[in-house]
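# Fold and contact review
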Amino acid sequence: MSWLLATLAYLLGSLSFAILLSRLTGNPDPRMSGSGNAGATNMLRLAGKKLAVLTLFGDVCKGLLPVLIADLAGLSLQQQAWIGVCAVLGHLFPLYFRFRGGKGVATAAGMLLGIYPPAALLAIAAWLLTFYLTRTSSLAALIATPMTLPLLAWQEPAALLPMSVLTLLIVWRHRGNLRDLFAGRERHF
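Source: prediction; values computed, not measured.

The subject of this paragraph is the UniProt feature "transmembrane region" (unreviewed entry) in the protein. According to UniProt, the "transmembrane region" (unreviewed entry) feature falls on residues 81-99, 111-133 and 153-172. Regarding residues 111-133, the helix share stands at 96% and the strand share at 0%, and the terminal C-alpha atoms are separated by 26 Å. Between the C-alpha atoms that bound residues 153-172 the distance is 22 Å, and the span itself is 80% helix and 0% strand.

Pasting the structure below:
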């Protein structure tokens, strides 16, 4: 059951709402414009608030839904977390879009919401505070994601290894942003 759900999570994660919404509305492919990222932040730059919110909602749901299904199927918390990681992997490397996806932050937030809501709320609060202070989405993601690890280690240690792997993937996907941050060239809102 867990392998089947992991596969379905990856396939669901591969649905890129940024790309699909761009195609439906005649906007440019977000991977070819703006920051080149298929996510809500780039959609805000390219297509406005409405499509950015729809992208964010879709990306969060595709991280949340597989975890909720795994929970209903009676899988352990660690199995649920690994299934959530598969959904994020689908977002990062979407089968339907030549394996060129987003950075996984919203999908990871959805996964966390299903695994342990207080960790998701901590990540959201850290993201919002960092973004408010710096107006830099990538820095907000790079701060918010690792902040969940101590809380998970304390409250839900079964989810710590999958979330640690996910954190490393998100940091790796932001490696260009890290270079730009250190060089003072990162985009701000």
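Attention shifts here to a nonpolar patch on the surface. A contiguous nonpolar surface patch, about 420 Å² in accessible area, is contributed by Leu15, Leu20, Leu95, Tyr96 and Phe99. For leucine 95, the location among the structural elements is in the loop between α5 (77-92) and α6 (105-115). For leucine 95, a relative accessible area of 41% puts it in the partly exposed group.

Counting residues in each nonpolar core, the largest one holds 24 residues, and the members touching the most others are Met111, Leu112, Ile115, Leu152, Met163 and Leu166. Broken down by secondary-structure element, the contributors of at least two residues to this core are α5, α6, α7 (117-134), α8 (137-155) and α9 (160-173). The greatest single-element share of this core, amounting to 5 residues, is contributed by α5. Residues in contact with leucine 112, not counting those within four places in the same chain, are Pro117, Ala119, Ala120, Ala123, Thr148, Leu152 and Met163. Among the nonpolar cores identified, the runner-up in size contains 8 residues, and Met43, Leu51, Ala52 and Phe97 belong to it.

Another point: the packing of aromatic side chains. In the structure shown here, the tally under the stated rule is 3 aromatic pairs. Centroid distance tryptophan 127 to phenylalanine 131: 5.0 Å. Interplanar angle 10°. Geometry classified as stacked. Here tryptophan 127 and its partner phenylalanine 131 are both found in helix α7, 4 residues apart, which amounts to about one turn of the helix. Note on phenylalanine 131: relative accessible area 14%, which makes it buried. Ring pairing ties together the aromatic residues Trp127, Phe131 and Phe189, which thus form one cluster. The ring centre of phenylalanine 93 lies 5.2 Å from the NZ or CZ of arginine 173, which sits over that ring. The cationic tip of arginine 175 hangs over the ring face of tryptophan 172; the distance from NZ or CZ to the ring centre is 4.1 Å.

What follows concerns the side chain of arginine 31. Locating arginine 31 in the fold gives a position in the loop between α2 (17-25) and α3 (40-47). Overall, arginine 31 belongs to the buried group, its relative accessible area being 11%. A polar side-chain atom of arginine 31 sits 2.7 Å from a polar atom in the side chain of aspartate 29. Only 2.9 Å separates the side chain of arginine 31 from the backbone oxygen of phenylalanine 97, close enough to count as a polar contact. Each residue touching arginine 31, except ones within four places of it in the same chain, is listed here: Ile19, Arg23, Gly36, Ala38, Phe97 and Arg100.

Attention shifts here to the confidence of the model for the protein. Per-residue confidence for the protein gives a mean pLDDT of 95; residues scoring 70 or more make up 100%. Mean pLDDT values for the elements of the protein range from 92 in α3 up to 98 in α5.

The subject of this paragraph is the packing of α5 against α9. In the contact formed by α5 and α9, the axes pass within 9 Å of each other and the chain directions differ by 15°. Between α5 and α9, the angle falls in the class roughly parallel. Considering the relative orientation of α5 and α9, their crossing is left-handed. Contacts between α5 and α9 involve Gln78, Ala81, Trp82, Val85, Val88, Leu89 and Leu92 on the former and, on the latter, Leu161, Pro162, Val165, Leu166, Leu169 and Arg173. The residue inventory of the contact of α5 with α9, partitioned by class, reads 11 nonpolar, 1 polar and 1 charged.

Analysis parameters
- Residues numbered from 1 in each chain as written.
- Predicted model: local features only at pLDDT ≥ 70, side-chain atom pairs only at ≥ 80, totals over all residues.
- Heavy atoms only, no water.
- UniProt positions renumbered as here; feature names shortened; annotations may be inferred.
- Helix = DSSP H or I, 4+ residues; strand = E, 2+ residues; numbered from the N terminus.
- Patch = residues over 30% accessible without salt bridge, like charges linked within 9 Å, V, L, I, M, F, W, Y side chains within 5 Å.
- Areas by Shrake-Rupley, 256 points an atom, 1.4 Å probe, with all protein chains shown as cover.
- Salt bridge = Lys/Arg side-chain N within 4 Å of Asp/Glu carboxyl O.
- Buried < 20%, exposed > 50% of the residue type's maximum accessible area, 1.4 Å probe, protein only.
- Core = buried A, V, L, I, M, F, W, Y, C linked by side-chain atoms within 4.5 Å.
- Contact = heavy atoms within 4.5 Å.
- Phe/Tyr/Trp six-rings, centres within 6.5 Å; stacked < 30°, edge-to-face > 60°.
- Lys NZ or Arg CZ within 6 Å of the ring centre and 35° of its normal.
- Polar contact = N/O pair within 3.5 Å; in protein donor to acceptor, adjacent residues only side chain to side chain.
- pLDDT = per-residue confidence, 0-100.
- Axes fitted to C-alpha atoms, helices over the stretch in contact; angles between N-to-C directions.
- Parallel < 35°, antiparallel > 145°, perpendicular 65-115°, else oblique.
- Left-handed = near helix turned anticlockwise from the far one by under 90°.
- Nonpolar A, V, L, I, M, F, W, Y, C, P; charged D, E, K, R; others polar.

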